[in-house]
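Each chain, letter by letter, is given below.
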Amino acid sequence: MIPQILFIIVLAAAVYLFSKNVGKIRRNILLGKDTDRSDNPALRWKTMAKIALGQTKMVKRPLAAVLHFFIYAGFIIINLEVMEILLDGVIGTHRIFSKPLGGLYNLLIGGFEILAILVLLACVVFLARRNIARLKRFSGVEMTKWPRSDANYILITEILLMTAFLTMNAADHKLQLLNFGHYIKAGSFPISSFISPLLPDSATSLEFIERFCWWFHITGILFFLNYVPYSKHFHILLAFPNTYYSNLKPKGEFTNMASVTNEVKAMLDPSFVPENIGEPGRFGAKDVTDLTWKNLMEAYTCTECGRCTSVCPANQTGKLLSPRKIMMDTRDRITEVGNNLDKHGKDYQDSKTLLDDYISREELWACTTCNACTDACPVNINPLEIIIEMRQYIVMEESQAPASLNIMFGNVENNGAPWKYSNADRLNWKG
Amino acid sequence: MEHPKSEIKVPTMAEMAAEGKQPDILFWVGCAGSFDERAQKITRDICKILNHTGISFAVLGTEESCTGDPAKRAGNEFLFQMQAMANIQVLDAYQIKKIVTGCPHCFNTLKNEYPGLGGNYEVIHHSELIQQLIDDGKLKAEGGESFKGKRITYHDPCYLGRGNNVYEAPRKALEILDADLVEMKRCKSNGLCCGAGGGQMFKEPEKGKKEINVERMSDVLEAKATVVAAACPFCMTMLSDGVKLADKEQEIQVLDIAEITVRANGL
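Given the structure is predicted, the values throughout are model-derived calculations rather than measurements.

Cut-offs applied
Residues numbered from 1 in each chain as written. Chains lettered and ligands numbered in written order. Predicted model: local features only at pLDDT ≥ 70, side-chain atom pairs only at ≥ 80, totals over all residues. Heavy atoms only, no water. Phe/Tyr/Trp six-rings, centres within 6.5 Å; stacked < 30°, edge-to-face > 60°. Helix = DSSP H or I, 4+ residues; strand = E, 2+ residues; numbered from the N terminus. Buried < 20%, exposed > 50% of the residue type's maximum accessible area, 1.4 Å probe, protein only. Contact = heavy atoms within 4.5 Å. Buried area = accessible area lost by both parts, 1.4 Å probe. Salt bridge = Lys/Arg side-chain N within 4 Å of Asp/Glu carboxyl O. Polar contact = N/O pair within 3.5 Å; in protein donor to acceptor, adjacent residues only side chain to side chain. Core = buried A, V, L, I, M, F, W, Y, C linked by side-chain atoms within 4.5 Å. Domains from an automatic or database assignment. Nonpolar A, V, L, I, M, F, W, Y, C, P; charged D, E, K, R; others polar.

**Q** Explain the packing of aromatic side chains to me, please; I cannot follow it from the model alone.
**A** Between two aromatic rings, the relevant description is the distance of the centres plus the angle of the planes. Going through the model one piece at a time under the given rule, you end up with 19 aromatic pairs over all chains. Look at Phe208(A) and Phe212(A): their rings are 6.2 Å apart centre to centre, the planes differ by 25°, and that puts the pair in the stacked class. With Phe208(A) and Phe212(A) both in helix 7 (residues 203–227), this residue pair falls four residues apart, about one helical turn. On the basis of an interplanar angle of 50° and a centroid distance of 6.4 Å, the ring pair of Trp419(A) and Phe234(B) is categorised as tilted. You can see Trp419(A) sitting in the segment after helix 18 (403–415) and its partner Phe234(B) sitting in helix 10 (residues 233–245), one on each of two chains. On the basis of relative accessible area, Phe234(B) is assigned to the buried category, the value being 11%. Following the ring pairs from residue to residue traces out a cluster consisting of Trp45(A), Tyr244(A), Tyr245(A) and Trp293(A).

**Q** Help me out: how do you make sense of the interface of chain B and chain A in this one?
**A** It is common to report an interface's size as the accessible area lost on association of the parts. Contact residues are listed per partner, giving 69 residues for chain B and 58 residues for chain A. Counting each side, the surface lost to burial between chain B and chain A is near 5400 Å², with a carbon and sulfur contribution of 64%. Taken as a group, Phe35(B), Phe78(B) and Phe202(B) account for 13% of the area that chain B buries against chain A, more than any other trio of residues on that side. Counting the contacts that link chain B with chain A gives one salt bridge. Applying the counting criterion to the chain B and chain A interface returns 33 residue pairs in polar contact (both at pLDDT 80 or more). Those elements giving two or more residues to the side of chain B that touches chain A turn out to be helix 2 (31–35), helix 3 (37–52), helix 4 (69–73), helix 5 (77–93), helix 6 (104–113) and helix 9 (212–222) of chain B. Here the side of chain B that touches chain A takes eight residues from helix 5 of chain B, the largest share from any one element.

**Q** Even after reading the chapter, I still don't get the nonpolar core, so can you show me in this structure?
**A** Buried together is how nonpolar side chains tend to be arranged in soluble globular proteins. Phe409(A), Phe27(B), Leu91(B) and Ile99(B) are the most contacted members of the largest nonpolar core, which has 153 residues in total. In terms of residue count, the dominant contributor to this core is helix 17 (residues 383–397) of chain A (nine residues). Leaving out residues up to four positions away in the same chain, Phe27(B) has contacts with Thr43(B), Ile46(B), Cys47(B), Leu50(B), Phe57(B), Ala58(B), Val59(B), Glu64(B), Val100(B), Thr101(B) and Gly102(B). Counting 41 residues, the second largest nonpolar core, distinct from the first, contains Ile85(A), Met162(A), Ala170(A) and Phe189(A).

**Q** What's the story with the domain arrangement of chain A in this structure? I'm lost.
**A** All names here are of chain A. On domain assignment, one finds that chain A holds domain 1 (2–30 + 61–232) and domain 2 (258–415). With centres defined by C-alpha atoms, the gap from domain 1 to domain 2 works out at 40 Å. Listed per partner, the contact involves 15 residues of domain 1 and 23 residues of domain 2. Here domain 1 packs against domain 2, burying approximately 1700 Å² in sum over the two surfaces, 51% of which is carbon and sulfur. When the buried area of domain 1 at its contact with domain 2 is split by residue, Ile29, Glu142 and Lys232 rank highest and sum to 37% of it. In this structure, Lys24 engages Asp342 in a salt bridge whose closest nitrogen and oxygen atoms are separated by 3.6 Å. Linking domain 1 to domain 2 there are ten residue pairs in polar contact (both at pLDDT 80 or more). Examining the composition of the side of domain 1 that touches domain 2, we find that five residues originate from one element, helix 1 (residues 2–29), more than from any other. For the side of domain 1 that touches domain 2, the per-class residue count stands at seven nonpolar, two polar and six charged.

This is the structure we're talking about:
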């Protein structure tokens, strides 16, 4: 009875803490401006199924795709086993699914074991890629101590969880063969049977190992659950809504700002009555709250894989711009704004902004708007939109565009071309 | 090799309207196509293709103005929308239904960003027009220069490729040639930008290790191409500069899809 009560307390605390932190992230995301992504639900479901569930954008890098798929499939499918473990923990049973599932149960446990070893191996390779092979994609100015540690913590935790799971099965299997206590014969153990010979033969030691691993595994999962909202690993959840709310328009199409349309129409036609488009904000984005909730959701979805940065022409030629940094800065700043809100209330303003305190102008002006980053992102994150929104603030609110661009603007305004040619000469090419 | 300039027939919309005529398609020349010397030649070649295939077309001439694309990408939404609204007034006054552009940036802006501001037209890029003409059997690769033995690679402009998923049309114009076609390491959706987009054409690049067009040139050299096919006047500038910087002007030519088509047909 005591283990059950203890288990229920731990479980309830973990679930409570997790929902509280997810709620905070949701609140932070909704600090962004509104944007309508409710159109075309059929295509949205399809996009989510293809890109998040089917991981179709991962295949561009085949090795990473296969290894990631092992971990992804392992995560989803082994969760069935976690359900059994949770039920056992709450009710105080042992392998509660074994009776109702019969022969299928053996197949499932065997399958989980194979997935577990694949997850474990994939995590080892991923650790090696980051720490021994030191792939260029995992370095860069934004990959400071915390992002690097975060990635390693995730991989090490997963290795530990899988090891505990397999060792638990090995001990259980051995106890089953000894006909010990409540360890009924259930499950098949294609992987853990290799661990069994390494374990002691005494039933009490085995029972201790089995119980220890059982508790280590499930409390580890509950701990990890609560680590995820603080980590880049949150992509396992947000990848789904983030792809559902994808931009469905051609990548070349940039949003036309409705607030500007009203002003332009009023200029061209003094009798024009603007449509109500909500309270007038500033043009473009100076801070994270000027961005849309979708931009902010993307910031929390980013798992810092660096595919965007590795294909960015500016980054590849040594410029300061890194699309991954744009997303990480946006996430760090909105988290800071959210924390300020919790600590100091809603009227508090710190003296910081996303522009200048996090993202420099040099980074923003280096972008060629080529869409390589948005194409490369496996979960359809759009760093380009944030870059453009920040350029809009610099140009339209501050008039601080680089001098050469101001000359270009002047030319377009005065002669209808970005260069200083007279419009009267537009047909001179004919000869 | 080029025919005397006077041979191309290019009516303006104003002239057409005065005669009470309406062309089937408007050729949107674009600023680069109008003023940049290298791009002007491509503009004339697009007209030659239109003349050769007997398409009824016209240009706006002095009534054309920048689409606003460079202003929008550089963050000046206000200037972009001013340009767009003014252009839409002109296009609508002439009751334009279909537009072909010589530039992927004009193409993208007119096609995708004008509808939201009230300008609805069927917009195609000149590579798509060339593809349609080839598919319809109206355009072949005969009677002109042979590309036999040439090794041609195609550089995807961002606003045609990733921006609008037009990857096959320009390649079609190359496939009908008797030439050796080769893809660069970074091509199609993985294509590397020439470095001119997003307003970069009009400013100095930020501090870095090298220029983007020099980086792109490494792909061209690796592919051992003797001809780089382009489909955008800005890419044309950047790639031509890249070839110059690599000191390969004798070995590598940069030609627009339209120029290649004109040469192959001896127009």
